[in-house]
Amino acid sequence: MDMFGGGKAKTEDFPFKLTDAEWRAKLTPEQYQVLRGHGTERPGSCALNYEKRAGTFSCAGCANPLFKAGTKFESGTGWPSFDQPLEGAVETTEDNSYGMRRVEVHCANCGGHLGHVFPDGPPPSGLRYCMNGVAMDFEPEEKAA
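Fair warning: this is a prediction, and the values are worked out from it, not measured in the lab.

Teacher, can you tell me more about the side chain of E104 here?
Along the chain, the position of E104 falls in strand β6 (residues 102-107). Although E104 lies buried, it forms no salt bridge, and the closest oppositely charged side chain, R102, sits 8.1 Å away as judged by the N-O distance. Polar side-chain contacts of E104 include one of 2.9 Å to the side chain of H113. If sequence neighbours within four positions are ignored, E104 has contacts with H38, E91, T92, T93, D95, H113, G115 and H116.

Can you walk me through the sheet that holds strand β4 (residues 81-82) in this structure?
Within a sheet, each strand pairs with its neighbour through backbone hydrogen bonds, oriented either parallel or antiparallel. A sheet is described by the order of its strands in space; here six strands give the open sequence β3-β4-β8-β7-β6-β5, paired in antiparallel fashion. Strands at the two margins of the open sheet, each flanked by one partner only, are β3 (72-73) and β5 (90-95).

Is there a simple way to think about the pattern of salt bridges in this case?
Two side chains that carry opposite charge are able to pair once their charged atoms sit near each other. Applying the stated rule across the entire model yields four salt bridges. Of the charged contacts in the structure, one is a salt bridge between R53 and E51, with a shortest N-O distance of 2.7 Å. According to the relative accessible area criterion, E51 is buried, its value standing at 14%. Put simply, E94 and R101 hold a salt bridge, and the shortest N to O gap is 3.5 Å.

Is there a simple way to think about the nonpolar core in this case?
Burial of nonpolar side chains together is a common tendency in soluble globular proteins. Residues F57, L66, F67, L114, Y129, M131 and M136 are the most contacted members of the largest nonpolar core, which totals 30 residues. Within the residue set of this core, elements represented by two or more residues are α2 (29-35), β1 (55-59), β2 (65-68), β6, β7 (113-118), β8 (128-131) and β9 (136-140). Ignoring anything within four residues of it in the chain, the contact list for F57 reads L48, E51, P65, L66, F67, A69, K72, F82, M136, D137 and F138.

Help me understand the sheet that holds β9, please; the structure alone is not making it clear to me.
The three strands are arranged β2-β1-β9 in an open sheet whose pairing can be described as antiparallel. Looking at strand neighbours, the two that pair on one side only are β2 and β9, the edges of this open sheet. The sheet shows a mean angle of 30° between the axes of neighbouring strands, direction not considered.

Would you take a moment to explain unusual backbone geometry for this structure?
Phi is mostly negative for residues that are not glycine, and the peptide bonds are mostly trans. For the bond running from P123 to P124, omega is 5°, close enough to zero to count as cis. Inspection of the secondary structure puts P124 in the loop between β7 and β8. Non-glycine residue H38 carries a positive phi angle of around 60°. Relative to the elements of secondary structure, H38 occurs in the loop between α2 and β1. The backbone of A63 shows a phi angle near 70°, a positive value even though the residue is not glycine. For A63, a relative accessible area of 51% translates into the label exposed.

Is there a simple way to explain the environment of T56 in this structure?
Mapped onto the fold, T56 is located in strand β1. When the C-alpha positions of T56 and A69 are compared, they lie 5.7 Å apart, and in sequence the two are 13 residues distant. Setting aside its immediate chain neighbours within four residues, T56 contacts P65, F67, K68, L86, D137, F138 and E139.

In this structure, what is going on with the state of the cysteines? I would like to understand it.
Two cysteines whose sulfur atoms are joined by a covalent bond form what is called a disulfide. Under the defined criterion, the tally for this structure stands at zero disulfides. The thiol of C59 is not disulfide-bonded; the next cysteine sulfur, from C110, is found 3.7 Å away. Free of any disulfide, C107 has its nearest neighbouring cysteine sulfur in C62, separated by 3.6 Å.

Cut-offs used in this document
Residues numbered from 1 in each chain as written. Predicted model: local features only at pLDDT ≥ 70, side-chain atom pairs only at ≥ 80, totals over all residues. Heavy atoms only, no water. Helix = DSSP H or I, 4+ residues; strand = E, 2+ residues; numbered from the N terminus. Buried < 20%, exposed > 50% of the residue type's maximum accessible area, 1.4 Å probe, protein only. Lys, Arg positive; Asp, Glu negative; His and termini not counted. Salt bridge = Lys/Arg side-chain N within 4 Å of Asp/Glu carboxyl O. Polar contact = N/O pair within 3.5 Å; in protein donor to acceptor, adjacent residues only side chain to side chain. Contact = heavy atoms within 4.5 Å. Pairing = 2+ DSSP bridges. Core = buried A, V, L, I, M, F, W, Y, C linked by side-chain atoms within 4.5 Å. Axes fitted to C-alpha atoms, helices over the stretch in contact; angles between N-to-C directions. Disulfide = S-S within 2.5 Å.

Now the structure itself:
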């Protein structure tokens, strides 16, 4: 069941594909554990949780733009939280691991695990995309001269 409008996709359905060996060579061990192994970083451990500049957060696995900085908010959870992804940037699937029913968020381009989405975010979406910072990169906007 997908309560947030995303589609359930199989790994082979993603446009960006690498072999497991290529993923391991491209990513740090922590990025690999999160993006490919569906892991979770320790809360408060990533600098992107504290990033406040204008810019774009993208997938660390494939550089797919995911969230604009203006949709980021302080959730108090210890992970970067957003109320809305960029159009078509993410997909969701049901996650019943650890005895909980959650909605997993993954990159629509490479399938990398990003985090989970919860229905307790701010208006207007009411959603909280709770992302692993290690799964993302940040590109600040260039200021006009």
